[in-house]
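Structure at a glance
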Amino acid sequence: MFAHLPPYAGDPILSLMETYQRDTRTDKVNLGIGVYADGAGVIPVLPSVRAVEVEGHFHSAPSTYLPMEGHGVYRKAVAQLLFGAELPSDEHLAMVQTLGGSGALKVGADLIARFFPQPQIWVPDPTWDNHIGIFEGAGFAVQRYPYYDAASQGLDFNAMLACLESLPAGAVVLLHPCCHNPTGVDPDRAQWTQIVALLQRRRLLPFFDLAYQGFAASLDEDVWVVRECVRRGMAFFLSNSFSKIFSLYGERVGALSVFCPEPGQAANVLGQLKLTVRRNYSSPPAHGAQIVAKVLADAHFRVQWEGEVNQMRSRVQAMRAQLQAGLQQVLPERDFGFLLRQNGMFGYTGLTAQQVERLREQHGVYAVSSGRICVAGLNPGNIDKVCHAMAEVIRA
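The present account deals with the structure reproduced in this document. Just so it is clear, the structure is predicted and the values come from calculations on it, not from any experiment. (Residues numbered from 1 in each chain as written. Predicted model: local features only at pLDDT ≥ 70, side-chain atom pairs only at ≥ 80, totals over all residues. Heavy atoms only, no water.)

**A short note on the pairing of strand β7 (residues 172–175)**
Here β7 shows no split at all, with V172 and L174 on one side and V173 and L175 on the other all buried. Pairing of β7 with strand β8 (residues 205–210), which is carried by 4 bridges, proceeds in the parallel orientation. Opposite L175, over in β8, you have F208 as the bridge partner. (Buried < 20%, exposed > 50% of the residue type's maximum accessible area, 1.4 Å probe, protein only. Helix = DSSP H or I, 4+ residues; strand = E, 2+ residues; numbered from the N terminus. Pairing = 2+ DSSP bridges.)

Below is the structure:
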């Protein structure tokens, strides 16, 4: 019955972590998977989350199914967080709670594929690998637009604009509003303004993937481009996740928002989103959504949580600066200033796949083969080791 099924090679990042776990070296360093760890190298339980769980007694309540669209208070609180003063009315905004950001991407992809024949999506080159898997799995033709310029170690902005200018009307364009994964390279405000104007003029459909709100500049600044699309009355899809900024990875808490420029369209879109959810997993899990809803809707917990996000962002920025300074000290002939121009949890080091392999085999420092490292995996106890290990493989 199953003899014709080929083997699955495994996800490269998750497979790398399995190798890391088998490594018996006591000084090994995990810079591969995109998970925030604190200064002690521990994935934290945020104090605001712990306090809400203690106060809420969620586990003692009956565990009933949520509606297909998800937890009502959660959805309202998430919409307010995402859109702020630009919050659209129910006539214009359709939102469903999803299984993390990946679930939001999948639901959105399925909806588009059902109602837009022969869908195509353009993703940045490079992007998170699972973007390609999710959209190809939904039947999309996945294409790439220029994004990262290896020569300047920054944004290949002119090539990006030229490619987007050539796309046919109705093409879907995937964009990272902040903290681009894997490069950490983001457009500045002026560049975003040009990108949005082009998308609007060419009648392209943005699909934003927001996994790191608050990790670049602030909770509000990091969604500027999304709110600018609302101000311009542009249709778009927005996936967002609370895995990183609430440290709720295993709870799978996310949402998919669809902005509908014409009044009244949102009701039909919401109905089709609910049907798409029903065909996938029927309804989302409750516990993580209850936590996020309570934190975001309660003034005391909201202030506490925002302070925690600021602390996480500051720690990552501090480790990024220490990495740049440490590498500059051991390799003064090279310029590592590009690390300071990147945002969020990831750093694009410029290391080759061969250098990454030597980093792992010889030094026990684990990174993705593209040279991407998780800056949040650095701490005062491993930063010197990482700098000297990177210097050795670069010199070799």
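**Re the environment of V185**
Inspection of the secondary structure assignment puts V185 in the loop between β7 and α7 (189–201). A residue is classified by how much of its surface remains accessible, and V185, at 6% relative accessible area, is buried. A sequence separation of 147 residues divides V185 from D38, and the C-alpha atoms of the two residues are 23 Å apart. Excluding residues within four positions of it along the chain, V185 makes contact with Y147, Y148, Q153, G154, L155, H180 and Q342. (Contact = heavy atoms within 4.5 Å.)

**Some points on the nonpolar core**
A general trend in soluble globular proteins is that nonpolar side chains are found buried together. F242, F246, W305 and L323 are the most contacted members of the largest nonpolar core, which has 103 residues in total. Setting aside chain neighbours within four positions, we find W305 in contact with L46, S48, L81, L219, I245, F246, V295 and L296. The next biggest cluster of nonpolar side chains, apart from the first, holds 29 residues, and it includes A109, L111, L205 and F237. (Core = buried A, V, L, I, M, F, W, Y, C linked by side-chain atoms within 4.5 Å.)

**What about the environment of S218?**
Positionally, S218 belongs in the loop between β8 and α8 (224–232). Judged by its relative accessible area of 17%, S218 is buried. Note: C-alpha distance between S218 and G170 (48 residues apart in sequence) is 32 Å. Among the polar contacts listed, one links the side chain of S218 to the backbone nitrogen of E221, at a separation of 3.0 Å. (Polar contact = N/O pair within 3.5 Å; in protein donor to acceptor, adjacent residues only side chain to side chain.)

**Considerations on the environment of D110**
Along the chain, the position of D110 falls in helix α4 (residues 100–115). As a C-alpha pair, D110 and F140 span 30 residues in sequence and 9.4 Å in three-dimensional space. The residues touching D110, leaving out its near neighbours within four places in the chain, are A138, T276 and N280.

**Things to note about the pattern of salt bridges**
If the charged atoms of two oppositely charged side chains come close together, the side chains can form a pair. If you walk through the whole model with that rule in mind, you get 13 salt bridges. For R201, the salt bridge goes to E165, with nearest N and O atoms at 2.8 Å. Here R201 is found in helix α7, whereas its partner E165 is found in helix α6 (residues 157–165), with 36 residues between them in sequence. For E165, a relative accessible area of 31% translates into the label partly exposed. Residue R360 pairs with E361 through a salt bridge whose shortest N-O separation is 3.3 Å. Classification of R360 by relative accessible area gives buried; the value is 18%. (Salt bridge = Lys/Arg side-chain N within 4 Å of Asp/Glu carboxyl O.)

**Focus on a nonpolar patch on the surface**
On the surface, M1, F2 and L5 cluster together into a nonpolar patch covering about 440 Å² of accessible area. For M1, the location among the structural elements is in the segment before α1 (12–22). (Patch = residues over 30% accessible without salt bridge, like charges linked within 9 Å, V, L, I, M, F, W, Y side chains within 5 Å. Areas by Shrake-Rupley, 256 points an atom, 1.4 Å probe, with all protein chains shown as cover.)

**What about the side chain of D186?**
Topologically, D186 is positioned in the loop between β7 and α7. Despite its burial, D186 pairs with no opposite charge, the nearest such side chain being R320 at 8.6 Å. There is a polar contact of 2.8 Å between the side chain of D186 and the backbone nitrogen of C179. At 3.0 Å, the side chain of D186 and the side chain of N343 are in polar contact. (Lys, Arg positive; Asp, Glu negative; His and termini not counted.)

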